[in-house]
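For reference, the chains in residue letters:
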Amino acid sequence: MKQFFFLIFTLLVGTSYADNIYLDELDTRFLLQDWGAPVVNQSIMRTPFQVAGKTFNRGIGTHSISRFLLNLEGKATAISGWVGADDRNDFTCNMEFKILADKKEVWSSGVVHKGMPAQAFRVSLKGVRKIALIVAEAGDGIMYDHADWLEVKIETSGKVTPEPVTPQNIVKEKYILTPQPGQSPKINSPKVFGARPGSPFIYNVATTGARPMKFSARSLPAGLILNEATGLITGTATQKGTYPIVVKAENSLGSDSITVRLEIGDKICLTPPMGWNSWNCWGLSVNEQKVKDAADVMNTYLINHGWTYVNIDDGWEAEKRDENGVLHGNAKFPDFKRLSDYVHSKGLKFGIYSSPGPTTCGGYQASYQHEKIDAETWAQWGVDYLKHDFCSYSQLTPSQTEAAIKAPYDVMRHALDGVDRDIVYCIGYGAPNVWNWAKAAGGNLWRTTRDITDEWNIVSAIGFFQDVCAEATAPGCYNDADMLVVGKLGLGWMDKVHDSYLTPDEQYSHVSLWCILSAPLLIGCDMSDMDDFTLNLLTNDEVLAVNQDPAVKPAHKILTQNGQIWWKPLEDGSFAVGFFNADPYFILWDQSQANKIQEKHYPMQLDVKQLGIEGKFKVRDLWRQQEVGEFKHAFRTNVPYHGVRFVKITPV
Ligand code: GAL
């Protein structure tokens, strides 16, 4: 609503100027960029502009992908200035500046990165009604694209009015696609599971269907037992090896059984972790009760679909370590063992958060020089997952070389290896190329991006560029594209708790894409306040099976008209394919078209040769869990604005 009044106000009153107008004089609130906020007369890092050693006094510091739509009323004659990648940046990443005039590209800088001299431009604008100033990413994702528009001047005899680039105030009703699970048993657990010999073993046979249910397992390795009533397998495996076990669930209406490959060896986390993290909803205000509530909800509604981890993010730590160097919880977390026992009693696993630096991102005590004692403490508490967030370690490594950043992660790896507990290790370092070294640092997952928020341009800026690192995906190794921004969120970003700002179609796209990417699925919302839409979004077993596919193959992206097609091969010889309506700039040139756009469907087509399929194939709609039919050579579908058609394609 706020945005709507702002738009009306601006259109009536106008942010308008005459004669020579500098870009930095315009209202930058309409400039939409995919990281941070635009800065006037400084770089995105709020430092004086500097490009290849040359300084500039005025302009706008922005970040890819950046779009600024300006209504010129046809009265401008030219735009001129300089562009460049700012020097004050830890990394050099590729970006491209562009000017579109009435939807056509009229100027481009070509690929630009840190160290290249600023580029001058002058473009005629005679007769042009609107221009869009774009900073696109250039093949390596948006990370660290610190882009400067410098001394940019528009020569005009009229006004220059910035306009919003995305449809304003469109409300689309939430709609549910996921069918209700049946009453007969259906096992949804991953078909592969890894554990180290000697570590406590926890594997839940996640099964939908009416209770009571009776579980059984054949060929369990020595040391493991199955609880026949709950389907929880616990104990401690003693011997290394590969154990195909057959688990079965029965009730009065039927039965289901699957073969699970137990890998008892060095590797854990053989499919992406699925769980909840406290940050996006509760921020630093997380407390014991909120974590217990999350565990209760997961146990009631989500566990049968494979959801497992209940993870506390920052904000649990005491102010000081005790005399033995042990870091306890603060007043909000009086007894971690009690809490972890509670989470485990619900058949779930328990996660915690720290940093290799002296303090966490939230300013709390962290693990620097206490890695061993922290790992031991967590093992005693029963921790199953660690998010180790870079944060203050950056102060200890002014030169951010890969070796310098990896070093403290090796230390924590070593500490975790020293305890008899399988702790999933998340390397929380959202920076370029983390995927090149995080595997060698023993990470099970690593943040490939900076923080996500619940805006479509941010979700797509993160998700649609994960092809850059996709090849690093393997069993036990995942690119972490950050938490799912569905449901009620906010405090982690200093916002109020609110319903995700993503439209229903955008939320379907978000979950589908994270599943194809084999990204960790970490719910970030208030679990005790999920509506039916959110719950259905998170409990579609055919969709989740794509995420949990045991082959864990990298995903691929195909750029096509009206969007992107993402696909990954699945273990059974079929393919998961998502058709996403996506436009990297998301510019709506005319707000009066906003409603029409939202209602539109966009045709997309895949020639299945691109997947290596010749001839006939079957298509199944994963969200609706329905067969679509048999096709030859190509599949054509219509996709809603910012939405997805998510299917499984099986060669016939
Ligand atoms: C950030 C991290 C967030 C959250 C926060 C806690 O660095 O990206 O996901 O963990 O720290 O302070």
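What comes next concerns the included structure. (Residues numbered from 1 in each chain as written. Predicted model: local features only at pLDDT ≥ 70, side-chain atom pairs only at ≥ 80, totals over all residues. Heavy atoms only, no water.)

Quick word on helix 4 (residues 336-345)
Which entries qualify depends on this criterion: Exposure classes here rest on a 1.4 Å probe applied to the protein chains alone. A residue is buried below 20% of its type maximum, exposed above 50%, and partly exposed in between. Note on conventions: DSSP H or I runs of at least 4 residues are helices, E runs of at least 2 residues are strands, and numbering of each starts at the N terminus. In this context, the arc is that of the directions from the helix axis out to the C-beta atoms. N or O atoms closer than or at 3.5 Å make up a polar contact, with two conditions inside protein: a donor-capable atom paired with an acceptor-capable one, and, for residues adjacent in sequence, both atoms drawn from side chains.
Residues Phe336, Leu339, Ser340, Val343 and His344 constitute the buried set of helix 4. In a view along the axis of helix 4, the buried residues occupy a sector of 135°, so they form one face of it. A side-chain oxygen of the first residue of helix 4 lies 3.2 Å from the backbone nitrogen of Lys337; this N-cap is Asp335. Looking one or two residues beyond helix 4, the residue adopting positive phi is Gly347, at roughly 80°.

So, the environment of Val424
How we decide: Contacts are assigned to residue pairs with any non-hydrogen atoms lying within 4.5 Å of each other.
Secondary-structure assignment places Val424 in strand 28 (residues 424-428). On a C-alpha basis, the gap between Val424 and His113 in space is 36 Å, while along the polypeptide they are 311 residues apart. Excluding anything up to four places from it in sequence, Val424 contacts Ile268, Cys269, Tyr309, Asp384, Tyr385, Leu386, Asn444 and Leu445.

Thoughts on the packing of aromatic side chains
So the rule is basically this: Any two of the Phe, Tyr and Trp rings considered here, Trp counted by its six-membered ring, make a pair once their centres fall within 6.5 Å; the pair's planes then place it as stacked at under 30 degrees, edge-to-face at over 60, or tilted in between. For a ring to carry a charge above it, either NZ of a lysine or CZ of an arginine must fall within 6 Å of the ring centroid while also lying within 35 degrees of the normal to the ring plane.
This model, assessed by the stated rule, comprises 30 aromatic pairs. Plain terms: the ring middles of Phe390 and Tyr429 are 4.5 Å apart, the flat faces sit at 70° to each other, and that makes the pair edge-to-face. Of this pair, Phe390 sits in the loop between strand 27 (385-389) and helix 6 (393-396) while Tyr429 sits in the loop between strand 28 and helix 8 (434-437), placing them 39 residues apart in sequence. Take Phe390: its relative accessible area is 6%, and that puts it in the buried class. With a relative accessible area of 5%, Tyr429 lands in the buried category. Three or more aromatic residues joined by ring pairs form one cluster here, namely Tyr368, Phe390, Tyr393, Tyr409, Tyr425, Tyr429 and Trp437. The side chain of Arg58 reaches across the aromatic face of Tyr22, ending 3.8 Å from its centre.

Topic: the state of the cysteines
Quick reminder of the rule: Any pair of cysteine sulfurs within 2.5 Å is marked as a disulfide.
Scanning the model with the defined rule gives 1 disulfide in all. The disulfide partner of Cys361 is Cys391, and the S-S distance across this bridge is 1.9 Å. Every disulfide takes its handedness from the sign of the S-S torsion; for Cys361 and Cys391 that torsion is -95°, giving left-handed. In this pair, Cys361 is assigned in the loop between strand 26 (349-354) and helix 5 (371-381) and Cys391 in the loop between strand 27 and helix 6, connecting sequence segments 30 residues apart. Using a relative accessible area of 13% as the deciding quantity, one classes Cys391 as buried. Free of any disulfide, Cys93 has its nearest neighbouring cysteine sulfur in Cys469, separated by 13 Å. According to the relative accessible area criterion, Cys93 is buried, its value standing at 5%. Free of any disulfide, Cys469 has its nearest cysteine sulfur in Cys477, 13 Å distant.

Notes on the pairing of strand 7 (residues 66-71)
So the rule is basically this: Following DSSP output, two strands are said to pair if at least two bridges run between them.
Taken across its 6 residues, strand 7 has 6 buried, putting it largely inside the fold. Side chains Ser66, Phe68 and Leu70 of strand 7 all project onto a buried face; the interleaved residues Arg67, Leu69 and Asn71 project onto the opposite face, where all are buried too. Two strands pair when backbone bridges link them, and strand 7 and strand 12 (residues 130-137) are joined in this way by 6 bridges, in the antiparallel orientation. Bridge assignment links Arg67 to a residue of strand 12, and that residue is Ile134.

Concerning the sheet that holds strand 30 (residues 478-480)
Within a sheet, each strand pairs with its neighbour through backbone hydrogen bonds, oriented either parallel or antiparallel. Defined as follows: Every axis corresponds to a line fitted to the C-alpha atoms, with the helix fit spanning only the stretch in contact, and the corresponding angles, defined between N-to-C directions, vary from 0 to 180 degrees.
Across the sheet, which stays open at both edges, the 8 strands sit in the order 30-29-28-27-26-25-24-33 with parallel pairing between neighbours. Sheet topology places strand 30 and strand 33 (521-523) at the edges, where each strand pairs with a single neighbour. Recorded for the sheet is a direction-independent mean angle of 25° between the axes of neighbouring strands. Bridge analysis of strand 27 against strand 28 gives 5 bridges, and the strand direction is parallel. By the bridge assignment, Leu386 is partnered in strand 28 with Tyr425. With respect to the sheet, helix 4 is in contact with strand 25 (309-311) and strand 26, its orientation differing from that of strand 26 by roughly 140°.

A closer look at unusual backbone geometry
Excluding glycine, residues mostly carry a negative phi; peptide bonds, for their part, are mostly trans. In the segment running from Ser64 into Ile65, the intervening peptide bond is cis, with an omega of -15°. Mapped onto the elements of the fold, Ile65 is located in the loop between strand 6 (59-63) and strand 7. Residues Arg211 and Pro212 are joined by a peptide bond in cis, for which omega reads 0°. In this structure, Pro212 sits in the loop between strand 18 (207-208) and strand 19 (214-218). Even without being a glycine, Gln369 presents a positive backbone phi close to 65°.

Side note on the nonpolar core
Going by this rule: We define a nonpolar core as any set of buried Ala, Val, Leu, Ile, Met, Phe, Trp, Tyr and Cys residues linked to one another through side-chain atoms lying within 4.5 Å. The domain boundaries here were taken from an automatic or database domain assignment.
Grouped together as the largest cluster of nonpolar side chains are 105 residues, with contacts concentrated most on Trp307, Trp316, Ile427, Tyr429, Trp514 and Phe646. Counting only domains with at least three residues in this core, you end up with domain 1 (2-163) and domain 3 (558-651). Setting aside its immediate chain neighbours within four residues, Trp316 contacts Leu327, His328, Gly329, Asn330, Phe333, Phe336, Ile352, Tyr353, Trp378 and Trp381. Core analysis: the second largest hydrophobic core is formed by 31 residues, Phe30, Leu72, Ala85 and Val152 among them.

Details of the site of the ligand
This is how the line gets drawn: We define proximity as follows: a residue is near a molecule or strand when any one of its heavy atoms falls within 4 Å of that partner. Note on areas: Shrake-Rupley, 1.4 Å probe, and residue coverage restricted to the protein chains presented here. Side-chain classes are defined by residue name, with Ala, Val, Leu, Ile, Met, Phe, Trp, Tyr, Cys and Pro counting as nonpolar, Asp, Glu, Lys and Arg as charged, and the others, Gly among them, as polar.
As a matter of local geometry, the ligand sits amid Trp279, Asp313, Asp314, Tyr353, Cys361, Gly362, Lys387, Asp389, Arg447 and Asp451. At 2.9 Å, a side-chain N or O of Lys387 approaches an oxygen atom of the ligand. In the environment of the ligand, an oxygen atom lies 2.9 Å from a nitrogen or oxygen atom belonging to the side chain of Asp389. When the free accessible area of the ligand is taken as 310 Å², the share hidden by the protein chains comes to 90%. By residue class, the composition of the shell around the ligand is 3 nonpolar, 1 polar and 6 charged.

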